[in-house]
Amino acid sequence: MLEEPPGEETPAATGIVLAGGAGTRLGRDKASEPLLGRHLLQWVVDKVAVVVDEIVVVTAAGQTLPPVTTARTLRAVEDVLPAKGPLGGIYSGLREARRELALVTGCDMPLLSVPLLRELLRLSEGYDVVMPRRRGRTQALHAVYRRSCLKPMRRELVAGHLKVISFLPAVRVRYVDEDVWTRFDPEGLSFFNINTEEDLSRAAAMLQPPRRE
């Protein structure tokens, strides 16, 4: 059973969904890719909307998003610094966020865990970034960023340093290791993203409701 600490409310936050990736390995736009009757972007928005007040979807220049249904305010914004990768996308979304905190995910992560998303937000007090680590690797596209990251992010982008983690030495980071996040997502399915046809098939198998005998 997934564990969720009682008695602590989730702080208000913006959800930032990065939808402007090239989708090179899949060969087509991931945001619009259908999965069990819903496109990938809708799967992600449905999960993120549970824990945020508004959603900002960051797109590439000229990208057309599929229709999205949500009770939250949703805005689409283009990358302000094109061709700067995920760091540029996070920066673009954070500039538009109306909340101080922003929960960032990719549009190709349909197996997000709502309890884990909520926990990352709860752990944010006193930090600029809350970022899970899995097997020693940071999960920068499943993390919480504060608007205080904007200036150090821009410095790195202008300098041509495009790794998402490049700005982290300049801010306060709380890493969330496996002993914490596995209480909410034991198998780490939150970090599973769609890159290939095989990934789509695996996601469909995991999301398909069990048949009733």
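Thresholds, definitions, all that
- Residues numbered from 1 in each chain as written.
- Predicted model: local features only at pLDDT ≥ 70, side-chain atom pairs only at ≥ 80, totals over all residues.
- Heavy atoms only, no water.
- Buried < 20%, exposed > 50% of the residue type's maximum accessible area, 1.4 Å probe, protein only.
- Helix = DSSP H or I, 4+ residues; strand = E, 2+ residues; numbered from the N terminus.
- Arc of directions from axis to C-beta.
- Contact = heavy atoms within 4.5 Å.
- Phe/Tyr/Trp six-rings, centres within 6.5 Å; stacked < 30°, edge-to-face > 60°.
- Lys NZ or Arg CZ within 6 Å of the ring centre and 35° of its normal.
- Polar contact = N/O pair within 3.5 Å; in protein donor to acceptor, adjacent residues only side chain to side chain.
- Salt bridge = Lys/Arg side-chain N within 4 Å of Asp/Glu carboxyl O.

A. Helix α6 (residues 197–207), seen in detail. Those residues of α6 that fall on the buried side of the exposure criterion are Asp 199, Leu 200, Ala 203, Ala 204 and Leu 207. All buried residues of α6 lie within an arc of 135° about the axis, which places them on one face of the element. Away from its buried face, by an angle of more than 90 degrees, α6 presents the exposed residues Glu 198, Ser 201 and Ala 205. Looking at the buried residues of α6, the elements they touch are β2 (34–35) and α1 (40–48).

B. Fine view of the packing of aromatic side chains. Per the counting criterion, the structure on display carries two aromatic pairs. Ring centres of Tyr 145 and Phe 167 lie 6.3 Å apart, and the angle between their planes is 35°; on these two criteria the pair is classed as tilted. One end of the pair, Tyr 145, is in strand β9 (residues 142–146); the other, Phe 167, is in the loop between α4 (150–158) and β10 (173–176), and 22 residues separate them in sequence. You can call Tyr 145 buried: its relative accessible area is 0%. The buried category is assigned to Phe 167, whose relative accessible area is 1%. Pairing Trp 181 with Phe 191 gives two aromatic rings, centres 5.0 Å apart and planes at 85°, and the pair type is edge-to-face. Of this pair, Trp 181 sits in helix α5 (residues 178–181) while Phe 191 sits in the loop between α5 and α6, placing them ten residues apart in sequence. Its relative accessible area of 2% is what places Trp 181 among the buried residues. Positioned over the ring face of Trp 43 is Arg 38, at 3.6 Å from the centre of the ring. Positioned above the aromatic ring of Tyr 175 is the side chain of Arg 133, whose terminal nitrogen or guanidinium carbon lies 4.2 Å from the ring centre.

C. Geometry of the environment of Ala 140. Its location among the elements puts Ala 140 in the loop between β8 (137–138) and β9. In sequence terms Ala 140 and Ala 102 are 38 residues apart; their C-alpha atoms lie 13 Å from each other. Contact partners of Ala 140, with chain neighbours within four places excluded, come to Ile 90, Met 131, Tyr 145 and Val 164.

D. Main features of the environment of Ser 124. Structurally, Ser 124 is set in the loop between α3 (114–122) and β7 (129–134). As a C-alpha pair, Ser 124 and Thr 69 span 55 residues in sequence and 28 Å in three-dimensional space. Ignoring anything within four residues of it in the chain, the contact list for Ser 124 reads Pro 11, Leu 101, Val 130, Val 144 and Arg 146. A polar contact of 2.6 Å, which involves the side chain of Ser 124, links it to the backbone oxygen of Leu 121.

E. Summary view of the side chain of Glu 33. Mapping Glu 33 onto the fold places it in the loop between β1 (14–18) and β2. Residue Glu 33 is classed as buried on the basis of its relative accessible area of 8%. Within polar-contact distance, the side chain of Glu 33 engages the side chain of Arg 28 at 2.6 Å.

F. Local environment of the pattern of salt bridges. This model, assessed by the stated rule, comprises ten salt bridges. Asp 53 is the partner of Arg 99 in a salt bridge, and the nearest nitrogen-oxygen pair spans 2.9 Å. Taken as a pair, Arg 99 in the loop between α2 (85–96) and β6 (101–106) and Asp 53 in the loop between α1 and β4 (54–59) lie far apart in primary sequence, 46 residues in all. When salt bridges with common partners are traced through the structure, they connect Arg 28, Glu 33 and Glu 197 into a single cluster.

G. Expanded view of the environment of Arg 28. On the secondary structure map, Arg 28 appears in the loop between β1 and β2. Note on Arg 28: relative accessible area 33%, which makes it partly exposed.

H. Looking closely at unusual backbone geometry. Phi at Leu 36 is positive, roughly 50°, even though this residue is not glycine. On the basis of relative accessible area, Leu 36 is assigned to the partly exposed category, the value being 40%. Backbone geometry at Ala 83 places phi at a positive 60°, although glycine is not the residue there. Take Ala 83: it is sitting in the loop between β5 (73–78) and α2.

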